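Observations on the three-dimensional arrangement
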Amino acid sequence: MSSDPKPVVDARANRPANLPDGIRLGNAPVSYGVYGEAAGGDGTSPEALLKSMAEAGYEGSELGPPGFFGTPDETAALFATYGLAPVGAYIPVHYALGDDVVAYDMARMEQTCRELAACAEKSGEEPLAILADEGSEALLHNPARPWDDRSLALDPAGWDRLAALSAKAVELARRYGLRPSFHPHISTFIESPWEVDRLLELTEVGITLDIAHLQLAGGDPVACLDKWRDRINHVHVKDVDTGVLTRAKAAGRTDFDEWWADVCVPFGRGDVDIDAFLADLLRGGYRGWLLVEQDRAPTPADEYPAVAAEQAANLAWLADKVAAHA
């Protein structure tokens, strides 16, 4: 473990007292509107973002896109400054697109792996490399496809390619000492439960169970938890207004990023039965990170205090629910 000076804000000191041992609550930059290659730049402040998370009471955070927090050493130092554990990082790969696109994605993945490895060395944590399919333009325009309509799904050759590329990505993650996981996501080739089943058949990767993405895809988060429990090594907790998706589909909207910014809502205001999920998760003995996400539109730094207040409320709500089922 690092012997660095005491953090400016020690997130661990703000950990809710009612959490059981082994359960850790984290957040992610996407809750502050930080995602994609355009993240950062004017109006954002990586340091203010982490400071607000630590003050809200979160114990850790996932990283943003490659380079958002600086070089690998700068990223590790910044997390240490605020006493935040580096939970992992979301790593998108266009598995179904051309080799040149995939090569670009894998280069960005290696940059993220270097950042995570630097954070691990400084903190003593074991971060996750959270792989995800990046889908296609057609899938962005057709979210939550019916399970029996496989016209846009991968064909056998596509599945073989995804399995081979996933194996390479897993090997890269392990080379940097990271724990690999895979995040099923709306509007991608790993969206519906049947697609997750196929992924699990073809690969050895663990699963990041995002309960909201599964529900939006028509799945039951509790049923999926029970089915995949032995492969789940990370959990994303979010609440969503499914009516936003329903209206976007009915209107034939193609501006995914625009309407997606309205899908996520504070805990308890959406349609996901988080309480039932937590009861089943904890009854099964899960111990690890519960990573809170409330995806939103890009947010300037002067709005971070308001976002942090909302995320602090999410943390308190979730901690109470966890304590009730521990």
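These numbers were taken from a predicted model, which means no experiment stands behind them. (Residues numbered from 1 in each chain as written. Predicted model: local features only at pLDDT ≥ 70, side-chain atom pairs only at ≥ 80, totals over all residues. Heavy atoms only, no water.)

Glancing now at the overall build of the protein. Along the protein, the regular secondary structure elements total 12 helices and 10 strands. For the protein, the residues scored as buried account for 54% of the 326 residues in total. Taking all contacts inside the protein whose residues are at least 6 apart in sequence as the whole, residues at least 24 apart take part in 84%. For the protein, the computed accessible surface area is about 13400 Å², with 50% contributed by carbon and sulfur atoms. If the 28 positive side-chain charges of the protein are averaged to one point and the 52 negative ones to another, these points end up 4 Å apart. (Helix = DSSP H or I, 4+ residues; strand = E, 2+ residues; numbered from the N terminus. Buried < 20%, exposed > 50% of the residue type's maximum accessible area, 1.4 Å probe, protein only. Contact = heavy atoms within 4.5 Å. Areas by Shrake-Rupley, 256 points an atom, 1.4 Å probe, with all protein chains shown as cover. Lys, Arg positive; Asp, Glu negative; His and termini not counted. Charge placed at Lys NZ, Arg CZ, Asp CG, Glu CD.)

Looking now at the packing of aromatic side chains. To describe a pair of aromatic rings, one takes the distance between the centres and the angle between the planes. One pass over the structure, following the stated rule, counts 9 aromatic pairs. Between the aromatic rings of phenylalanine 256 and tryptophan 260, the centroid separation amounts to 5.5 Å while the plane-to-plane angle is 10 degrees, which identifies the pairing as stacked. Remark: tryptophan 260 and phenylalanine 256 occur in helix H10 (residues 256–260); sequence separation between them is 4 residues, near one turn of the helix. Taken together, the ring pairs connect Phe68, Phe69 and Phe79 into an aromatic cluster. Directly above the ring of tryptophan 194 sits arginine 150, whose terminal nitrogen or CZ lies 3.7 Å from the centroid. (Phe/Tyr/Trp six-rings, centres within 6.5 Å; stacked < 30°, edge-to-face > 60°. Lys NZ or Arg CZ within 6 Å of the ring centre and 35° of its normal.)

Inspection of the secondary structure puts glutamate 59 in the loop between helix H1 (46–56) and strand S2 (60–63). Look at glutamate 59 and you get buried, because its relative accessible area is 10%. Residues glutamate 59 and aspartate 73 lie 14 residues apart in sequence; the distance between their C-alpha atoms is 20 Å. With residues near it in sequence (within four places) discarded, glutamate 59 still touches Ala11, Arg12, Arg15, Arg24, Leu25, Gly83, Leu84, Ala85 and Trp289. Engagement of the side chain of glutamate 59 in a polar contact is seen with the side chain of arginine 24, the distance being 3.2 Å. (Polar contact = N/O pair within 3.5 Å; in protein donor to acceptor, adjacent residues only side chain to side chain.)

Another point: the sheet that holds strand S3 (residues 85–93). Here we have 8 strands rolled up into a closed barrel, ordered S1-S2-S3-S4-S5-S6-S7-S10, and parallel in their pairing. Taken over all neighbouring pairs, the strand axes of this sheet differ in orientation by 30 degrees on average, direction set aside. Across 2 bridges, the pairing between strand S5 (residues 179–182) and strand S6 (residues 206–210) is parallel. The residue bridging phenylalanine 182 from the neighbouring strand is isoleucine 207, located in S6. Most of the contacts of helix H2 (residues 72–81) go to S2, to which it runs at about 160 degrees, and overall it touches S2 and S3. (Pairing = 2+ DSSP bridges. Axes fitted to C-alpha atoms, helices over the stretch in contact; angles between N-to-C directions.)

What follows deals with the pattern of salt bridges. Here the structure, examined in full by the defined rule, presents 17 salt bridges. Across the pair aspartate 255 and arginine 253 runs a salt bridge, and its minimum N-O distance is 2.9 Å. On the basis of relative accessibility, which here comes to 30%, the residue aspartate 255 falls in the partly exposed class. Arginine 253 sits in the partly exposed class, given a relative accessible area of 34%. Salt bridges here are not isolated pairs; linked through shared partners, they connect Arg15, Arg24, Glu59 and Glu125. (Salt bridge = Lys/Arg side-chain N within 4 Å of Asp/Glu carboxyl O.)

To continue, consider the packing of helix H5 (residues 156–175) against helix H6 (residues 193–202). The geometry of a pair of packed helices is captured by two quantities: the angle between their axes and the separation between those axes. Between H5 and H6, the shortest axis-to-axis distance is 10 Å and the interhelical angle comes to 55 degrees. The angle between the axes of H5 and H6 places the two elements in the oblique class. Pair H5 / H6 crosses with right-handed handedness. Of H6, the residues touching H5 (which contributes Trp159, Leu162 and Ala163) are Trp194, Glu195, Arg198, Leu199 and Leu202. Residue composition of the contact of H5 with H6, grouped by class: 6 nonpolar, no polar and 2 charged. (Parallel < 35°, antiparallel > 145°, perpendicular 65-115°, else oblique. Left-handed = near helix turned anticlockwise from the far one by under 90°. Nonpolar A, V, L, I, M, F, W, Y, C, P; charged D, E, K, R; others polar.)

Here we come to H6. In terms of burial, H6 is a largely internal element, 7 of the 10 residues being buried. Looking at H6, one finds that the buried residues are Pro193, Trp194, Glu195, Val196, Asp197, Leu199 and Leu200. Residues of H6 that are buried in the fold lie against H5, S5, S6 and helix H8 (221–228).

When the terminal C-alpha atoms of helix H3 (residues 99–123) are compared, their 35 Å separation across 25 residues agrees well with the 36 Å that a helix rising 1.5 Å per residue should span. Turning to H3, its buried residues are Val102, Asp105, Met106, Met109, Thr112, Cys113, Glu115, Leu116, Ala118, Cys119, Ala120 and Ser123. Each element contacted by the buried residues of H3 is listed here: S2, H2, S3, strand S4 (128–133) and H5. Glycine 124 occupies a position one or two residues after H3 and carries a positive phi of about 80 degrees. (Expected span 1.5 Å × (residues − 1).)

Let us now look at the pairing of strand S7 (residues 232–237). In terms of burial, S7 is largely enclosed, as 5 of its 6 residues are buried. When S6 meets S7, the two strands line up parallel, connected through 4 bridges. Each bridged residue has a counterpart across the sheet, and for threonine 208 the counterpart in S7 is histidine 234. By the bridge criterion, 3 bridges tie S7 to strand S10 (residues 288–292) in an arrangement that is parallel. Within the sheet, the bridge partner assigned to valine 235 lies in S10 and is leucine 290.

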